[in-house]
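Below are the chains, spelled out letter by letter.
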Amino acid sequence: GTGPGVCRSARTGMALCRAASLAAGRGPPCPRQPRPAREGTVRWSSAAKASAVKMNEKASRKKILTLESMNPQVKAVEYAVRGPIVLKAGEIENELRKGIKKPFTEVIKANIGDAHAMGQRPITFLRQVVALCTYPNLLDSPSFPEDAKKRARRILQGCGGNSLGSYSASQGINCIREDVASYIERRDGGVPADPDNIYLTTGASDGIATILKILVSGDGKSRTGVMIPIPQYPLYSAAISELDAIQVNYYLDEENCWALDVNELRRSLNEAKAYCNPKVLCIINPGNPTGQVQNRKCIEDVIHFAWEEKLFLLADEVYQDNVYSEGCQFHSFKKILYEMGPEYCNNVELASFHSTSKGYMGECGYRGGYMEVINLHPEIKEQLVKLLSVRLCPPVSGQAAMDIVVNPPIPGEESYSQFIKEKESVLNNLAKKAKLTEDMFNKVPGIHCNPLQGAMYAFPRIFIPSKAIEEAKAHKMAPDMFYCMKLLEETGICVVPGSGFGQREGSYHFRMTILPPVDKLKIVLEKVKDFHIKFLEKYA
């Protein structure tokens, strides 16, 4: 037998022989002293080796998976936050490492809300509990406070084999879901929350994509339409493309601090009914990338609209701790829904999302999150659990991190004072940077920035001269992509063009995180100012 199976066996045998010799301390066998072939192995002749080389030199057959044969919905997906400009930033970083001279010494990635990557320190208590859960031997250490140990023991008792390394239930660890429900009740002033309506997720993104997956159906004009704000977080447009659903845009009012206007919702819905079946309304509050915080009246109007038009509501509330402007307050859609009375709270289907990644925690890498889904049909609830079970469970370490977000130290516990000090320091610092960013941008000719009421981004409108627009077209780029590429190449600052989030025709923006330390943020803002003035002069 000289078929391919035997050849593979021969190669494996030779490799094992070499490995055994090395393990015994004898070194590799000498190639000049041929060893007798063992039974079941084949010695390759020179002719056989030459034949094999020729076979490998022949052109390989056509690939099964190509751009033409791949899933067209995946090809349609775009995610600007990690798009072409970020790839270019990576190339520039490599060039800097090789010693290639640039007008700057580092790339500042202000494109993404990754707090720890920007230098924010972790919350001590959260890391203590996760460390204890990860390595339970530390529970005997006097270096860890008792309130952290108490939480770690409770989480571990909910894990199979008392180990964070075991799978959890697909919906998440029961005691953590109970803690999430208690948190929601405290946050919403006593509005009841049922742990059975809580689903722990791999970040909020996983929950949003899962709910959209179960909502999308139909063909042609009956295909599900999903209403999303413009500007939007590109997760939504990406998920809609992947599911081959219909994106239905409604525009936020930039002239009114990115407010949501129900008349605009109605216009968008009525136009969409001509080509799809709009049945989902997505809200991001506080806004990403726009930073607005919706007031109570606005939320009531949106809920009434969803009730009236029979829309499933998705409330993305991952920035609920990030509210900075005086007079602004976070109101959860769940709380307002219940306060509007039984006609609404017993009928409007609502999924709300939260995460460990934002707020004061900034724990993006743990991929912890939850969603609360209310008024779901019992049979659909079964289908949702089935769908979640396909991915087995969210990361258990992320579930543990989420537990500390919803079950932090309370007054009287030994870790409380340090926890509150760290939390308030992060949030006060972000508030300071939000105001600094707004003020500095609004001093630059040709840049206008609305107040950053919440979240962790600025989304300023930029004036781009017609000459620059023409040059962008010549490079087959959107004008704001051209602007952001020039900004990156000349200053090392990486921001995301507004076209990646959506914007009104003829307007141009970019999104920039406010997460860098204050001193570095001031440098970034000064560099953007200097670049913008030179850009205007060049293309005037």
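Let me begin by describing the structure that accompanies this report. (Residues numbered from 1 in each chain as written. Predicted model: local features only at pLDDT ≥ 70, side-chain atom pairs only at ≥ 80, totals over all residues. Heavy atoms only, no water.)

### Observations concerning the packing of aromatic side chains
Then comes step 1: Under the definition given, this model contains 13 aromatic pairs.
Then comes step 2: Judged by centre distance (6.0 Å) and plane angle (75°), the rings of Phe482 and Tyr539 are edge-to-face. Taken together, the positions of Phe482 in helix H18 (residues 479-491) and Tyr539 in helix H19 (residues 518-539) put the pair 57 residues apart, joining distant regions of the chain.
Then comes step 3: Classification of Tyr539 as buried rests on a relative accessible area of 5%.
Then comes step 4: Between Tyr483 and Phe510 the ring centres are 6.2 Å apart and the planes differ by 15°, which places this aromatic pair in the stacked class. Of this pair, Tyr483 sits in helix H18 while Phe510 sits in strand S14 (residues 510-513), and the two are 27 residues apart along the sequence. (Phe/Tyr/Trp six-rings, centres within 6.5 Å; stacked < 30°, edge-to-face > 60°. Helix = DSSP H or I, 4+ residues; strand = E, 2+ residues; numbered from the N terminus. Buried < 20%, exposed > 50% of the residue type's maximum accessible area, 1.4 Å probe, protein only.)

### A short note on helix H14 (residues 378-390)
Working note: α-helix, 3.6 residues per turn, so residues spaced by three or four point in the same direction.
Then comes step 1: The end-to-end C-alpha distance of H14, which contains 13 residues, comes to 19 Å, matching closely the 18 Å that a straight helix rising 1.5 Å per residue would cover.
Then comes step 2: Among all positions of H14, only Lys381, Leu384 and Leu388 are buried. Projected down its long axis, H14 shows its buried positions confined to an angular sector of 60°, all on one face. Away from the buried face of H14 by more than 90 degrees, exposed residues Glu379, Glu382 and Val390 are located.
Then comes step 3: On its buried face, H14 is in contact with strand S2 (198-202), helix H8 (203-215) and strand S8 (368-374).
Then comes step 4: Phi turns positive, to about 65°, at Leu392, one or two residues after H14. (Expected span 1.5 Å × (residues − 1). Arc of directions from axis to C-beta. Contact = heavy atoms within 4.5 Å.)

### A short note on the sheet that holds strand S10 (residues 457-458)
Then comes step 1: Spatially, 3 strands are ordered S10-S14-S13 in an open sheet, and the strand pairing comes out antiparallel. Two strands in the sheet have a free side with no partner beyond their single neighbour: S10 and strand S13 (496-497).
Then comes step 2: Note that S10 and S14 share 2 bridges and pair antiparallel. By the bridge assignment, Ala458 is partnered in S14 with Met512. (Pairing = 2+ DSSP bridges.)

### Section: the sheet that holds strand S5 (residues 277-284)
Then comes step 1: Taken together, the 7 strands give an open sheet; going across it, the order is S2-S8-S7-S6-S5-S3-S4, and neighbouring strands pair in mixed fashion. The strands lining the two open edges of the sheet, one partner per strand, are S2 and strand S4 (246-251). If you compare each strand with its neighbour and ignore which way they point, the axes differ by 25° on average.
Then comes step 2: Sheet topology places strand S3 (residues 224-230) next to S5; 4 bridges connect them, and they run parallel. Bridging across to S5, Met227 finds its partner in Leu281.
Then comes step 3: Across the sheet, helix H10 (residues 262-272) touches S3, S4 and S5, and the angle it forms with S4 is around 150°.
Then comes step 4: Contacting S2, strand S7 (350-355) and S8, helix H15 (residues 396-406) crosses the sheet at an angle of about 70° to S8. (Axes fitted to C-alpha atoms, helices over the stretch in contact; angles between N-to-C directions.)

### Some points on empty space enclosed by the protein
Then comes step 1: Summed over the entire model, instances satisfying the criterion amount to 2 cavities of 30 Å³ or more.
Then comes step 2: Empty space within the largest cavity amounts to approximately 50 Å³.
Then comes step 3: In terms of lining residues, the largest cavity is bounded by Pro229, Pro231, Tyr250, Leu252, Leu260, Ile283, Ile284, Gly287, Asn288, Thr290, Gln292 and Gln294.
Then comes step 4: Estimates place the volume of the second largest cavity at around 30 Å³.
Then comes step 5: Taken together, Trp258, Thr290, Cys449, Asn450, Pro451, Leu452, Tyr457, Ala458 and Phe459 make up the full set of residues lining the second largest cavity.
Then comes step 6: Residue classes in the lining of the second largest cavity are distributed as 7 nonpolar, 2 polar and no charged. (1 Å grid on protein atoms, 1.4 Å probe; cavity = no way out; pocket = protein on both sides within 12 Å on 5 of 7 lines; lining within 4 Å. Points joined across faces, edges and corners; volume = space filled by probe spheres on them. Nonpolar A, V, L, I, M, F, W, Y, C, P; charged D, E, K, R; others polar.)

### Topic: the pattern of salt bridges
Then comes step 1: Counted by the stated rule, this structure contains 27 salt bridges.
Then comes step 2: In this structure, Lys102 engages Glu95 in a salt bridge whose closest nitrogen and oxygen atoms are separated by 2.5 Å.
Then comes step 3: On the accessibility criterion, Lys102 (29% relative accessible area) is partly exposed.
Then comes step 4: On the accessibility criterion, Glu95 (26% relative accessible area) is partly exposed.
Then comes step 5: Between Glu264 and Arg267 there is a salt bridge, with the nearest N and O atoms lying 2.6 Å from each other. Taken as a pair, Glu264 and Arg267 lie in helix H10 at a separation of 3 residues, close to a single helical turn.
Then comes step 6: Through salt bridges with shared partners, a single ionic network connects Arg296, Glu300, Lys335 and Glu339. (Salt bridge = Lys/Arg side-chain N within 4 Å of Asp/Glu carboxyl O.)

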